[in-house]
Amino acid sequence: MYPIPFRPRLLHKFATLRYPISLMAGDALTRPKDLLDFSGYGPKELRALLDLAEALKRERYRGEDLKGRVLALLFEKPSLRTRTTLEVAMLHLGGHAVYLDQKQVGIGEREPVRDVAKNLERFVEGIAARVFRHETVEALARHARVPVVNALSDRAHPLQALADLLTLKEAFGGLEGLEVAWVGDGNNVLNSLLEVAPLVGLRVRVATPQATSPTLASSSAQTPTSPTTPRRPPWAPTPSTPTSGPAWARRRKGRSASGTSRASR
Amino acid sequence: MGQEAEREKRLRDFQGFQVNGELLSLLHPEGVFLHCLPAHYGEETTEEAVHGERSRVFDQAENRLHTAKAVLLTLLK
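Along each chain, numbering runs from 1 in the same order as the chain's sequence is written. The lettering of chains begins at A and the numbering of ligands begins at 1, in the order of writing. In view of the model being predicted, local features appear only for residues whose pLDDT reaches at least 70, and side-chain atom pairs are presented and counted only at 80 or more, with totals across whole chains, interfaces and linings using the full set of residues. Side-chain descriptors were evaluated using all non-hydrogen atoms of the structure, hydrogens and water having been removed beforehand.

Peer 1: So what exactly am I meant to see when it comes to helix 4 (residues 57–76) of chain B here?
Peer 2: Side chains that are three or four residues apart share a direction in an α-helix, a result of its 3.6 residues per turn. Secondary structure elements are taken from DSSP: a helix is a run of H or I of four residues or more, a strand is a run of E of two residues or more, and numbering for both begins at the N terminus. For a helix, the expected span equals 1.5 Å multiplied by the number of residues minus one. Here helix 4 of chain B contains 20 residues, and its C-alpha end-to-end distance of 28 Å stays within 8% of the 28 Å for a straight helix at 1.5 Å per residue. Bend is the name given here to the angle between axes fitted to two runs of seven residues, the run ending at a residue and the run starting at it. The sharpest bend along helix 4 of chain B measures roughly 25° and falls at N63 of chain B.

Written as structure tokens, this is what we have:
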């Protein structure tokens, strides 16, 4: 390929549909090793990921880019979409995934996380882990020299956020200036959406029944401040407005979407 | 998850926060509905919302594959 440090950025700027998918995958020297949440990811990285996902979808991409590579799937909790899409993605890219059931591995119980990491990095080129505690996937990333992808933790679900963004981008032709209302349980999925929103110009309003989320970050969110009273959505009418049951004022004009989710999975 | 007592509490907690046809009628005319799934019909949402015309829930689910591919291609290549 190109000698380091020359990077094909100029070519990427003019990349079109005809540009090889493999070169859209970005610069090995600057991208983060892992995807645990969106720290280390900026607008440029997000744009690149979403553009790449769009191109892959449009071309119904099958390739050999990851030929011979193996992804370990280490799951402490059940999954339909995450496990299936990670396995299928590897297959579509010419690689393979091996599923490791927590009942077999016993990460943190049968064997410490550090040891699991230092073993797996010898066998596989990447690890995707669905864990109860975010600290577990952080420890995997710290001790394994291969990339670690968070397939959901109590604190984050970055893969879901990326799919949400792609869907909004498709529906509205872009993300900048979109307004999204989150209605329901404050949870890991919401955390990731809030974290990624400022990186793509998305504005998120939040209405949750109570303080159900471990941490709500990001200044782009408007959240009710009292943890003890039931939260009304930001657009709910004032007490003087006659209502029957929870009545919702018309949202102000502009493209908007609403998303919801239940308790952490 | 799935214990009856928990479910009762959740139903109470979600009072007024369920995303259903009524709530979606207040959405901007071009607005869409997303849900990460799995859906628990009658709790945080309804069939009308998930399978209705404002829903992009299954496009969203499909996009899990394309974004997973983009991530793996970017990180593992």
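Peer 1: What am I meant to see in the pattern of salt bridges here?
Peer 2: A side chain with one charge can pair with a side chain of the opposite charge if their charged atoms come near. All names here are of chain A. Any Lys or Arg side-chain nitrogen found within 4 Å of a carboxyl oxygen on Asp or Glu counts as a salt bridge. Per the counting criterion, the structure on display carries 13 salt bridges over all chains. Among the salt bridges present, the one from R205 reaches E179, with a minimum N-O distance of 3.3 Å. Residue R205 is located in strand 6 (residues 203–207), and its partner E179 is located in strand 5 (residues 179–183); the two are separated by 26 residues in the primary sequence. The buried label applies to any residue whose accessible area, calculated with a 1.4 Å probe on protein chains only, is under 20% of its type's maximum; exposed applies above 50%, and partly exposed to all values in between. Look at E179 and you get buried, because its relative accessible area is 7%. Three or more residues joined by partner-sharing salt bridges are found here, namely D51, E54 and K169.

Peer 1: Got a minute to help me understand the packing of helix 3 (residues 43–58) of chain A against helix 4 of chain B in this structure?
Peer 2: Axes are the key here: two packed helices are described by the angle between their axes and the distance separating the axes. Where helix 3 of chain A contacts helix 4 of chain B, the axes come no closer than 8 Å and their chain directions differ by 120°. As summarised for this structure, helix 3 of chain A and helix 4 of chain B are arranged oblique, according to the angle between their axes. In the crossing of helix 3 of chain A with helix 4 of chain B, the sense of the turn from one axis to the other is right-handed. Contacts from L49, L52, A53, L56 and K57 of chain A of helix 3 of chain A reach helix 4 of chain B at E62, N63, H66, T67, K69, A70, V71, L73 and T74 of chain B. Under the convention adopted here, Pro, Cys and the residues Ala, Val, Leu, Ile, Met, Phe, Trp and Tyr are nonpolar, Asp, Glu, Lys and Arg are charged, and Gly plus all remaining residues are polar. Here the contact of helix 3 of chain A with helix 4 of chain B is composed, by residue class, of seven nonpolar, four polar and three charged. Interaxial angle, 0 to 180 degrees, is taken between N-to-C directions of lines fitted to C-alpha atoms, where a helix line uses only the stretch in contact. Roughly parallel covers angles under 35 degrees, roughly antiparallel covers those over 145, roughly perpendicular covers 65 to 115, and oblique covers all other angles. Should the near helix be turned anticlockwise from the far one by less than a right angle, the crossing is termed left-handed; should it be turned clockwise, right-handed. The contact criterion used is simple: two residues touch if any of their non-hydrogen atoms lie within 4.5 Å.

Peer 1: When you look at the nonpolar core in this model, what are you seeing that I'm missing?
Peer 2: A general tendency of soluble globular proteins is for nonpolar side chains to be buried together. Ranked by size, the top nonpolar core spans 58 residues in total, and within it L71, L86, L168 and L202 of chain A carry the most contacts. No other element matches helix 4 of chain B, which puts eight residues into this core. Apart from the residues within four sequence positions on either side, L71 of chain A is in contact with L86, M90, H96, A97, V98, G126, I127 and A128 of chain A together with L72 and L76 of chain B. Throughout this description, the term nonpolar core refers to a set of buried Ala, Val, Leu, Ile, Met, Phe, Trp, Tyr and Cys residues connected via side-chain atoms within 4.5 Å.

Peer 1: For this particular structure, what's the right way to read the interface of chain A and chain B?
Peer 2: Where the parts come together, the accessible area they lose is often given as the size of the interface. On the side of chain B, 48 residues touch chain A, which itself brings 73 residues to the contact. Taken together, the links from chain A to chain B amount to zero salt bridges. For the purposes of these results, a polar contact is taken to be a pair of N or O atoms within 3.5 Å, where, inside protein, one atom must be able to donate a hydrogen and its partner to accept one; residues adjacent in sequence count only when each atom of the pair is a side-chain atom. Our count for the chain A to chain B interface comes out at nine residue pairs in polar contact (both at pLDDT 80 or more). Listed by contribution, the elements that provide at least two residues to the side of chain A that touches chain B are helix 2 (21–24), helix 3, helix 4 (81–92), helix 8 (158–172) and strand 8 (256–260) of chain A.

Peer 1: Just to check I follow, could you spell out the sheet that holds strand 2 (residues 96–101) of chain A for this structure?
Peer 2: As a general point, the strands of a sheet are linked pairwise by backbone hydrogen bonds and lie either parallel or antiparallel. Residues and elements named next belong to chain A. In this description, strands pair whenever DSSP reports at least two bridges between them. Pairing is parallel in the open sheet, where four strands are placed in the order 2-1-3-4. What marks the edges here is a single partner per strand, and that holds for strand 2 and strand 4 (148–150). The average undirected angle you get between the axes of adjacent strands in this sheet is 20°.

Peer 1: What's the story with the confidence of the model for chain B in this structure? I'm lost.
Peer 2: Segments scoring low in pLDDT should not have their predicted coordinates read at a detailed level. Residue and element names in this part refer to chain B. A residue's pLDDT is the predictor's confidence in that residue, given on a scale from 0 to 100. Confidence in the prediction for chain B averages 91 pLDDT; 95% of positions are at 70 or higher. The element-level mean pLDDT for chain B is lowest in helix 1 (residues 4–13), coming to 76, with helix 4 highest at 98. This complex was scored by the predictor with a pTM of 0.80 and an ipTM of 0.92.

Peer 1: I tried to follow the side chain of N63 of chain B on my own but got confused; where do I start?
Peer 2: Inspection of the secondary structure puts N63 of chain B in helix 4. For N63 of chain B, a relative accessible area of 0% puts it in the buried group. Reaching out from N63 of chain B, the side chain makes a polar contact with the side chain of K57 of chain A at a distance of 2.8 Å.

Peer 1: I'm lost on the packing of aromatic side chains in this one. Help?
Peer 2: We describe a pair of aromatic rings using the distance from one ring centre to the other and the angle between the two ring planes. Residues and elements named next belong to chain A. Put simply, two rings from Phe, Tyr or Trp (the six-membered ring, in Trp's case) pair if the centres are within 6.5 Å, and we call them stacked under 30 degrees between planes, edge-to-face over 60, tilted for the rest. Using the criterion set out here, one finds two aromatic pairs over all chains in the structure. Pairing F38 with Y41 gives two aromatic rings, centres 6.2 Å apart and planes at 90°, and the pair type is edge-to-face. Summarising the burial analysis for this pair, F38 and Y41 share the class buried. Measuring from centroid to centroid gives 5.7 Å for F75 and Y99, while their planes differ by 55°, and the two rings are tilted. One end of the pair, F75, is in strand 1 (residues 70–75); the other, Y99, is in strand 2, and 24 residues separate them in sequence. Between the NZ or CZ atom of R83 and the centre of the ring of Y99, over which it lies, the distance is 3.4 Å. Throughout this description, the term charge over a ring refers to an Arg CZ or Lys NZ atom that lies within 6 Å of the ring centre and within 35 degrees of the ring normal.

Peer 1: Is there a simple way to explain unusual backbone geometry in this structure?
Peer 2: Both trends apply: most residues other than glycine have a negative phi, and most peptide bonds are in trans. Each neighbour pair has its own omega, and for L37 of chain B with P38 of chain B the value is 0°, a cis peptide bond. At R60 of chain A, a residue that is not glycine, the phi angle is positive and equals roughly 45°. Within the element layout of this structure, R60 of chain A appears in the loop between helix 3 and strand 1. Backbone geometry at L37 of chain B places phi at a positive 70°, although glycine is not the residue there. Note on placement: L37 of chain B falls in the loop between strand 1 (32–35) and helix 3 (47–50). We classify L37 of chain B as buried; its relative accessible area is 7%.

Peer 1: Where do I start with the side chain of H66 of chain B in this structure?
Peer 2: Mapped onto the elements, H66 of chain B comes out in helix 4. For H66 of chain B, a relative accessible area of 5% gives the class buried. Setting aside its immediate chain neighbours within four residues, H66 of chain B contacts A53, L56, K57 and L166 of chain A.

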